[in-house]
Amino acid sequence: MDTAYAHRPGGSRVPAGLRAPFSARTWREFLHLQLNFPLAVGMFVFTMVAVTTGAGLLITFLGIPVLAGGLAGIRALGALERRRARALLGLDVAEPEPVRPSRPGLLGWVGAVLKSGVSWRHVLYCLLHFPWALFAFIASFTFWTLGWLLLTYPLWRWTFPAYLGRSGIQLGWDGSGNGIYLSTPVETLLTSAAGLLLVVAGSWVIHGLTQVDRLMVRSLLGPSSLAARVSELESDRGVVVDTAAEDLRRIERDLHDGAQARLVSLAMDLGLAKEKLAQDPEAAAKMVDEAHGEVKIALQELRDLARGIHPAILTDRGLGPALSALSARCTVPVTVTVDLDHRPAAAIEGIAYFTVSELLQNVSRHSGATHATLDVWHTADRLMLLVTDDGQGGAHTAAGGGLAGLAERLDAVDGLLVVESPAGGPTAVSAELPWRG
């Protein structure tokens, strides 16, 4: 929200509509609309000359490089427009995808510029922006200047009798041919009030006009929706790769520090027991008994590790029983409600299982709760998860926290994590996943 239209600190009682004409935002937007016209004229002329000249020379070998050079210049003008929108409108539009020649050299660059959709969207912007800039310039200038002139009329009315030989602004003529002037104190105040209405309305008219500019810059000068989606998928792929690498490191660490170390110790104990078997059978039997206990512990650690990779109950019986078994191991009592008429895709089941596992671990370790609930249901094309607890609250998805990593994992599969956890609790964490059944 722009601070020009928000409630000011300090308890300002002036309505936002009356503050808008005096805000920096409105004057920046007005400046943007006034600069629109001269810049749009220049861009329109440059675009028409570049495109028509290049098209006219296509019958010669010069046409294609001239057209490509013109498109490169138009893209540079688009970069200027993005910077102007960022400075005056607060609109931060990402740079569109750059020119990527398929082969090195001038010919490769020329072909890439001509085939780029970004280049032709910039051409479309320069052509469409000209008539709009003319209309927006006239409308904003008329509203704004007329409103301020009428609002300040009491300050400059004296110039009429002093220099023009009239008593005030002339509205028209009466039936006798005499002029009708706004000259009395009441008429002057009414004129100023009308100016105030125009100024207040003008600030919103200016804001509405700049919305069209924002739309044109965002849709024609920014990256295309396909390019943005590709960039998002590349980022998501990076998250998935990093997550998989982290999981592999965790499994390796658990094996090395847990089961592997215990098995090494077990082998050493059995070796000592073997040496003592002939000399001290009772000590050897005791050592074998201890080794038997170590074997049980190692097997349990391997089962836990295998369950952490992908629990068998999830594959065999589905998400409901797997989550019930997971909740039963939580140190905080959990009420589980699962309403699924059929199973989603196996990958989504796995992500949902580990999402709930992570959330229940947070409940056990950090919440201080006495009770938690887990609700799972299917709506439209989404799998919904909701974990609540009556703990101390304060959970967040800020960078560096466990929930931040979980949010990134869900985002990588078009999921969403929402945390509501005020200080003092309660906490509600909802997760959405695509169904893909």
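Residues numbered from 1 in each chain as written. Predicted model: local features only at pLDDT ≥ 70, side-chain atom pairs only at ≥ 80, totals over all residues. Heavy atoms only, no water.

Along its length, the protein carries 14 helices and 7 strands. For the protein, the residues scored as buried account for 34% of the 437 residues in total. When the accessible surface of the protein is totalled, it reaches about 24,400 Å², and 65% of it is carbon and sulfur. (Helix = DSSP H or I, 4+ residues; strand = E, 2+ residues; numbered from the N terminus. Buried < 20%, exposed > 50% of the residue type's maximum accessible area, 1.4 Å probe, protein only. Areas by Shrake-Rupley, 256 points an atom, 1.4 Å probe, with all protein chains shown as cover.)

Tallied over the full model, the rule gives 12 aromatic pairs. Ring centres of F44 and F130 lie 4.6 Å apart, and the angle between their planes is 25°; this geometry places the pair in the stacked category. Separated by 86 residues along the polypeptide, F44 in helix α2 (residues 24-56) and F130 in helix α5 (residues 117-151) bring together distant segments of the chain. On the basis of relative accessibility, which here comes to 24%, the residue F130 falls in the partly exposed class. Seen in terms of ring centroids, W132 and F135 are 5.6 Å apart; in terms of plane orientation they differ by 40°. Their pairing is tilted. On the criterion of helical spacing, the pair formed by W132 and F135 is a turn pair, its members being 3 residues apart in helix α5. Judged by its relative accessible area of 17%, W132 is buried. Every member of this aromatic cluster is reached through a ring pair, and the members are F22, W27, F30, W144 and W148. (Phe/Tyr/Trp six-rings, centres within 6.5 Å; stacked < 30°, edge-to-face > 60°.)

One ladder, built from 6 bridges, connects strand β3 (residues 334-339) with strand β4 (residues 372-379); its direction is parallel. Bridged to T337 within β4 is D375. In this fold, the crossover linking β3 to β4 by way of helix α13 (residues 346-367) has left-handed handedness. (Pairing = 2+ DSSP bridges. Right-handed = clockwise from strand over helix to strand, strands pointing away.)

A separate point is the pattern of salt bridges. For side chains of opposite charge, pairing can occur when their charged atoms come near one another. Counting across every chain of the model gives 7 salt bridges. One salt bridge in this structure joins R343 and E349, with 2.8 Å as the shortest N-O distance. With a relative accessible area of 38%, R343 lands in the partly exposed category. For E349, a relative accessible area of 3% corresponds to the buried category. One network of salt bridges, with partners in common, ties together R25, E29 and R214. (Salt bridge = Lys/Arg side-chain N within 4 Å of Asp/Glu carboxyl O.)

We now examine the nonpolar core. L319, L323, L383 and L433 are the most contacted members of the largest nonpolar core, which totals 31 residues. At the level of elements, α12 (319-328), α13, β4, β5 (382-389), α14 (402-411) and β7 (427-434) are the ones that each hand at least two residues to this core. Of all the elements, α13 adds the most residues to this core, at 7 residues. In this structure, L319 is in contact with L314, L340, E349, A352, Y353, V376 and L383, ignoring residues within four places of it in sequence. Counting 27 residues, the second-largest nonpolar core is a separate cluster that includes L33, W132, I206 and M216. (Core = buried A, V, L, I, M, F, W, Y, C linked by side-chain atoms within 4.5 Å. Contact = heavy atoms within 4.5 Å.)

This part takes up the packing of helix α3 (residues 63-88) against α5. Their axes nearest at 9 Å, the elements α3 and α5 cross at an angle of 65°. For the element pair α3 / α5, the angle class is roughly perpendicular. Pair α3 / α5 crosses with left-handed handedness. From α3, L67, L71, I74, R75, G78, E81, R82 and R84 reach across to α5, where they touch V118, S119, W120, H122, V123, Y125, C126 and H129. For the contact of α3 with α5, the per-class residue count stands at 8 nonpolar, 4 polar and 4 charged. (Axes fitted to C-alpha atoms, helices over the stretch in contact; angles between N-to-C directions. Parallel < 35°, antiparallel > 145°, perpendicular 65-115°, else oblique. Left-handed = near helix turned anticlockwise from the far one by under 90°. Nonpolar A, V, L, I, M, F, W, Y, C, P; charged D, E, K, R; others polar.)

Right, let's get into a nonpolar patch on the surface. A contiguous nonpolar patch, built from L31, L35, L39 and L80 and spanning about 300 Å² of accessible area, is present on the exposed surface. The leading source of residues in the nonpolar patch is α2, at 3 residues. With respect to the helices and strands, L35 occurs in helix α2. (Patch = residues over 30% accessible without salt bridge, like charges linked within 9 Å, V, L, I, M, F, W, Y side chains within 5 Å.)

The subject of this paragraph is the sheet that holds strand β6 (residues 416-420). Taken together, 5 strands build an open sheet; the order of strands is β3-β4-β5-β7-β6 and the sheet is mixed. Of all strands in the sheet, those bounded by a partner on one side alone are β3 and β6. Put simply, the sheet's adjacent strands are angled 10° from each other on average, direction ignored. Pairing of β6 with β7, which is carried by 5 bridges, proceeds in the antiparallel orientation. Bridge pairing in β7 places L417 opposite A431. Those strands touched by α13 are β3, β4, β5 and β7, and its axis lies near 10° from that of β5.

In this structure, R121 sits in helix α5. Of the residues examined, R121 reaches a relative accessible area of 17% and is grouped as buried. At 2.9 Å, the side chain of R121 and the backbone oxygen of G222 are in polar contact. (Polar contact = N/O pair within 3.5 Å; in protein donor to acceptor, adjacent residues only side chain to side chain.)

A word on helix α4 (residues 106-115). Listed in full, the buried residues belonging to α4 are G108, V110, A112 and V113. Next to the buried residues of α4 lie α3 and α5.

What follows covers the side chain of H207. Tracing the chain through its elements places H207 in helix α8 (residues 185-221). For H207, the side chain forms a polar contact with the side chain of E29, separated by 3.0 Å.

Turning next to the pairing of β7. Every regular strand shows the same layout, with side chains that alternate between the two sheet faces. Inspection of the sheet shows β5 paired to β7 by 8 bridges, in the antiparallel sense. Along β7, the bridge assignment pairs L383 with L433. Taking the residues that link successive antiparallel strands as the turn, the β6-β7 hairpin has 6 residues, and the phi of G424 there is positive, at about 95°.

Turning next to the confidence of the model for the protein. Averaged over all residues, the pLDDT of the protein is 78; the fraction at 70 or higher stands at 75%. Ranking the elements of the protein by mean pLDDT puts helix α9 (residues 225-276) last, at 60, and α2 first, at 92. The low-confidence segment residues 1-11, where pLDDT is below 50, has 18 contacts with residues more than four positions distant or belonging to other chains. (pLDDT = per-residue confidence, 0-100.)

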